[in-house]
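Residue-level listing of the chains:
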Amino acid sequence: MTLNQTQVPQTKRPGQTAKTVQNQQAAGGSHNLLNHIDDWLTHYQLDILFSELGSVVSVGDGICWVRGLATTMMDETILFEDGSYGFVFELTDNLIGVILLLEQPTLTAGNSAYRTKKMLDVPVGDTLLGRVVNPLGLPLDGKPTPSTSIKRPLENRSPPIIARDAVHKPLYTGSKIIDTMVPIGKGQRQLIVGDEGLGRSTLAMDTILNQQGKDVYCVYVLIGQKRSTALNTIELLTKHNALSYTTIVTAEASALPGLQYLAPFAGCTIAEHWMEQGKDVLVVYDDLSTHAKIYRELSLLLRRPPGREAYPGDIFYLHARLLERATVLNSAHGGGSMTALPIIETQQGEIAAYIPTNLISITDGQIYLTRDLFVSGFRPAIDIGRSVSRIGGRAQHGRIKEEAGRMKLGYLQYLELEVFTRFGARLEGSMEKTIHRGRMLRELLKQKHLSPKSIEFHLAWLIAFNDDLLLNKPVESLEAILDEFEEQVVKSALTLDSPRADWLTALTGWLKDWSDRTANTSLSSEEADYGVSTRS
């Protein structure tokens, strides 16, 4: 027995007897159960249980150092005598570093610490849908604790290669630019990167709203956000009836650093359970740059050697092991999928900074938002040239891929040609037409926030643009025409698999109806202005 080990008299529960009792409970034999309880009481005896006892050396900034507990493990939960608890994050020769998850005011140096021999876990299951929980699964919405008996460890290995399948089903975001030129597939990891205030979270929110009625579960993870931001997110999801298929995991800025560090792993674990049940899941991490800063803070406090920009050397591994758990499983393993949309913040648009480049190399593509586009009124401010989806094209529907095939290249050519027009240079007719089409396309790609569009609507405006049905229309009227298309697409029975000729016929008719209605409205307006009839 070591100096840190004490003898604590406790009751002994003979393993054989307890196991037998459990079996009888399952069988439902109440009579036998009473007999075995009787038997257990007969053999009840006191015995000595050996356990380690540690003591707190110092406490501060969400961590504490503990002496003793020589056999403790990484990530093991440690319980303190005043009810505080945390998990092991650093091991040294004489001390262990513990990240606190619940810190009571009475926790101080000299308090006793105990091993639990348990790893951190979180409750999972359908009862979490529509709930707001913290990274430990405790409710934050004032409702009772989610009634689920299933728990999963926060740290889990990513699915092996043999359990994975190629990305083959599209995940529609409702965004014109993303669904046509930067497509995302179910099981993909697509980074959303940009400066603060450019609409990164709005894009993620649009994607969640667009999953309504598509049998996709969503998990929104808020890391280190203000409480007002969390409330706005809940109100928006509630207002658009999206909270019923969404779980919000939040660790606000005032929470302990340990909870903020665990938040993305908790959201991933909840989504992972549904994926293994064969469901399609979308998880949003908002945002991982804050998560990286929290990890740096904890690592420095626990005296881990700093590396580039003071981040610890395993910062890449931290996010890689999180995002690698997002995938699509093959049919032998349920066929579920987990799509990840991590959000990252840049400073002054510097996409080549340390954390953004790490995330770009981990994910399957990125959606890059720029301030110049945002200020110029082009929203969502997605830089089409710098945004890419490496594997989403495999999941894109053939009709959309066919119509949007050369659109990205044509738009980038237009952006280059547009520069010449600023110098007043005379252009050839073909170039003028290219520039005119480019300006029209730029107007078509604009989209209001929180208004995701259906994929059939995307096909409608793509065909109309490619066949020059909109070429003679004033640019100012494009928004009204698109509204007409959206309304008519909902009423029609056309689908992505309908013949292109049927789409062309329908679009021509919708445009004619819109033109006639606009002309009549204009005439009526003139008659009202002059007080006379202008009709023959």
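Residues numbered from 1 in each chain as written. Predicted model: local features only at pLDDT ≥ 70, side-chain atom pairs only at ≥ 80, totals over all residues. Heavy atoms only, no water.

Looking at an unreviewed UniProt entry, the chain carries the name ATP synthase subunit alpha, with the source organism given as Thiomicrorhabdus immobilis. The chain has a UniProt comment under Function (unreviewed entry) that states "Produces ATP from ADP in the presence of a proton gradient across the membrane. The alpha chain is a regulatory subunit." As recorded by UniProt, the Catalytic activity (unreviewed entry) comment attached to the chain reads in full: "ATP + H2O + 4 H(+)(in) = ADP + phosphate + 5 H(+)(out)". (UniProt positions renumbered as here; feature names shortened; annotations may be inferred.)

A. Structural context of the nonpolar core. Counting residues in each nonpolar core, the largest one holds 68 residues, and the members touching the most others are I208, I367, W461, L470 and F485. Ranked by the residues each element gives to this core, the list is headed by helix α14 (residues 455-466), at nine residues. If we skip the residues at most four places from it in the chain, I208 touches C218, Y220, L237, A242, Y245, T246, L282 and V284. Membership of the second largest hydrophobic core comes to 62 residues, among which are L101, V122, A292 and M338. (Core = buried A, V, L, I, M, F, W, Y, C linked by side-chain atoms within 4.5 Å. Buried < 20%, exposed > 50% of the residue type's maximum accessible area, 1.4 Å probe, protein only. Helix = DSSP H or I, 4+ residues; strand = E, 2+ residues; numbered from the N terminus. Contact = heavy atoms within 4.5 Å.)

B. Structural view of the side chain of Q225. Looking at the element boundaries, Q225 is found in the loop between β13 (216-223) and α5 (227-239). Overall, Q225 belongs to the buried group, its relative accessible area being 16%. There is a polar contact of 3.0 Å between the side chain of Q225 and the backbone oxygen of D286. (Polar contact = N/O pair within 3.5 Å; in protein donor to acceptor, adjacent residues only side chain to side chain.)

C. Representation of helix α6 (residues 257-276) in the model. Across its 20 residues, α6 extends 30 Å between first and last C-alpha, which sits within 8% of the 28 Å expected from 1.5 Å per residue. The largest bend in α6 amounts to roughly 40° and is located at A263, with the proline P264 lying one to four residues further along. By the criterion of burial, α6 is predominantly enclosed, with 19 of the 20 residues buried. Just downstream of α6 lies G278, where phi reads positive at about 90°. (Expected span 1.5 Å × (residues − 1). Bend = angle between axes of the 7 residues up to and from the residue.)

D. Just the sheet that holds strand β4 (residues 63-67), in detail. The sheet built from six strands closes into a barrel, its strands ordered β3-β4-β7-β6-β5-β8 with antiparallel pairing. Adjacent strand axes in the sheet meet at a mean angle of 45°, parallel and antiparallel pairs treated alike. Summarising the sheet, strand β5 (residues 76-80) and strand β8 (residues 112-119) pair through four bridges and their orientation is antiparallel. Of the residues in β8, the one forming a bridge with I78 is R115. Across the sheet, helix α7 (residues 288-301) touches β4, β6 (85-91) and β7 (95-102), and the angle it forms with β4 is around 35°. (Pairing = 2+ DSSP bridges. Axes fitted to C-alpha atoms, helices over the stretch in contact; angles between N-to-C directions.)

E. Main features of the packing of helix α8 (residues 315-323) against helix α9 (residues 354-362). Following both chains from N to C, one finds α8 and α9 inclined at 35°, their axes separated by 10 Å at the closest point. With respect to the hand of their crossing, α8 and α9 are arranged in right-handed fashion. Residues I315, F316, H319, A320 and L323 of α8 touch α9, and the partners they reach there are Y354, I355, N358, L359, S361 and I362. Along the lines of polarity and charge, the residues of the contact of α8 with α9 split into eight nonpolar, three polar and no charged. (Left-handed = near helix turned anticlockwise from the far one by under 90°. Nonpolar A, V, L, I, M, F, W, Y, C, P; charged D, E, K, R; others polar.)

F. Spotlight on the packing of α7 against α8. At their nearest, the axes of α7 and α8 sit 11 Å apart, and the two run at 135° to each other. In this view, α7 runs oblique relative to α8, as classed from their interaxial angle. By crossing handedness, the relation of α7 to α8 is classed as right-handed. Each of L288, H291, A292 and Y295 in α7 lies in contact with α8, whose residues at this interface are I315, L318, H319 and L322. Each residue belonging to the contact of α7 with α8 can be placed in one class, and the counts come to six nonpolar, two polar and no charged. (Parallel < 35°, antiparallel > 145°, perpendicular 65-115°, else oblique.)

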